[in-house]
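Listed below are the residues making up each chain.
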Amino acid sequence: MLDTVFLTNELLPALNRGLLVSLALIIPSASLGFAGGVLLGCARAFGPLWLRRLGDAYTALIRGVPLAVQLMMIYYALPKLGIFFPPFGAAMTSFILCTAAYQSEYVRGALLSIRQGQIRAAQALGFSTLQTITWIIIPQAARRALPGCGNEIVYLIKYSSLAYLVTCMELMGEGKVIASDTFRFTEVFLAVGAYYLAMVTLASLLLRRLEDRFHIPGFGMH
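Residues numbered from 1 in each chain as written. Predicted model: local features only at pLDDT ≥ 70, side-chain atom pairs only at ≥ 80, totals over all residues. Heavy atoms only, no water.

Caption draft 1: How the structure looks around the overall build of the chain. In terms of helices and strands, the chain carries 8 helices and 0 strands. Secondary structure of the chain in N-to-C order comes out as α-α-α-α-α-α-α-α. Reported as C-alpha extents along the three principal axes, the dimensions of the chain are approximately 70 × 45 × 20 Å. Going through the 222 residues of the chain one by one, you find that 37% of them count as buried. Across the chain, the centroid of the 17 positively charged side chains sits 17 Å from that of the 11 negatively charged ones. (Helix = DSSP H or I, 4+ residues; strand = E, 2+ residues; numbered from the N terminus. Buried < 20%, exposed > 50% of the residue type's maximum accessible area, 1.4 Å probe, protein only. Lys, Arg positive; Asp, Glu negative; His and termini not counted. Charge placed at Lys NZ, Arg CZ, Asp CG, Glu CD.)

So this is what it looks like as structure tokens:
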């Protein structure tokens, strides 16, 4: 039987407190990670050779190393080099760097999907390379990349639960503390799972509406 006193007096206040921290991590990380992914994707698609190689190496490194390891490196290893991050800052920095790498893959693929004929036509009309990328390629590529970029935001919501590894007490961290103190693991983690499911569902609905708003008629299945 559900203990309503435990639910209302202990569990929900703790999880709501953790939820606010989670949202404070997710929203800026998603926004800055997307912006970084766009810049990185453009550099990897149209930059000079050295910049493309550097972007590819960064992306391969971030995608190849588990996020938990990245968190540990930023929070525990960088202080050995004199670089210190508080728990919240370490978690957000790691999420931004990771999200930017993955977002750049979607952006790069979308940029390269634009037909070369459009680029040559723009250049024939006197557009510079920067103008062509800014006004011809990016607006189309942004729409094509939107589904993949939206999926990455959903992933970010879920792997934000790793922030507790660096003592950042977000939703998962608060749930873990309550479960350890009360030994009510089933109730606590069912509730934590429900919170994450609600966030993912809401984000998916919003992203779906955004995709519908910017959908390109005749491009792909809808």
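Caption draft 2: Quick look at unusual backbone geometry. Of note, Thr167 is a non-glycine position whose phi angle comes to about 65°, a positive value. Mapped onto the elements of the fold, Thr167 is located in the loop between helix H6 (129–159) and helix H7 (171–182). Positive phi, close to 60°, is recorded for Phe183, a residue that is not glycine. Looking at the secondary structure, you find Phe183 in the loop between H7 and helix H8 (185–214). By relative accessible area, which is 63% here, Phe183 ends up exposed.

Caption draft 3: Layout of the layout of surface pockets. Size it by volume and the largest pocket reaches roughly 570 Å³. Lining the largest pocket are 25 residues; nearest its centre among them are Ala30, Gly150, Ile153, Leu207 and Leu210. Breaking the lining of the largest pocket down by element, the ones donating at least two residues are helix H1 (4–46), helix H4 (87–112), H6 and H8. With 9 residues, the single largest contributor to the lining of the largest pocket is H6. Grouping the constituent residues of the lining of the largest pocket by class yields 23 nonpolar, 2 polar and no charged. (1 Å grid on protein atoms, 1.4 Å probe; cavity = no way out; pocket = protein on both sides within 12 Å on 5 of 7 lines; lining within 4 Å. Points joined across faces, edges and corners; volume = space filled by probe spheres on them. Nonpolar A, V, L, I, M, F, W, Y, C, P; charged D, E, K, R; others polar.)

Caption draft 4: Quick peek at the packing of aromatic side chains. Taken as a whole and assessed by the stated rule, the structure comprises 4 aromatic pairs. Taking 4.8 Å as the distance between ring centres and 80° as the angle between the ring planes, the aromatic pair formed by Tyr75 and Tyr76 counts as edge-to-face. Since its relative accessible area comes to 43%, Tyr76 is described here as partly exposed. Aromatic side chains Phe183 and Phe185 sit 6.2 Å apart centroid to centroid with 75° between the ring planes, which places their arrangement in the edge-to-face category. Chaining the aromatic ring pairs together yields one cluster made of Phe183, Phe185 and Phe189. Sitting above the plane of the Phe6 ring, Arg184 keeps its charged end 4.4 Å from the centroid. (Phe/Tyr/Trp six-rings, centres within 6.5 Å; stacked < 30°, edge-to-face > 60°. Lys NZ or Arg CZ within 6 Å of the ring centre and 35° of its normal.)

Caption draft 5: The nonpolar core, seen in detail. Core analysis: the largest hydrophobic core is formed by 39 residues, its most contacted members being Ala91 and Phe95. At the level of secondary structure, the elements contributing two or more residues to this core comprise H1, helix H3 (67–77), H4, H6, H7 and H8. With 9 residues, the top contributor of residues to this core is H8. Those residues in contact with Phe95, other than ones at most four positions away along the chain, are Leu25, Ser29, Leu67, Leu71, Leu156, Tyr159, Ser160 and Ala163. Counting 12 residues, the second-largest nonpolar core is a separate cluster that includes Val107, Ile119, Ile133 and Ala145. (Core = buried A, V, L, I, M, F, W, Y, C linked by side-chain atoms within 4.5 Å. Contact = heavy atoms within 4.5 Å.)

Caption draft 6: Up close: a nonpolar patch on the surface. On the surface, a nonpolar cluster with roughly 290 Å² of combined accessible area is contributed by Leu20, Leu23 and Ile27. Inspection of the secondary structure assignment puts Leu23 in helix H1. (Patch = residues over 30% accessible without salt bridge, like charges linked within 9 Å, V, L, I, M, F, W, Y side chains within 5 Å. Areas by Shrake-Rupley, 256 points an atom, 1.4 Å probe, with all protein chains shown as cover. Salt bridge = Lys/Arg side-chain N within 4 Å of Asp/Glu carboxyl O.)

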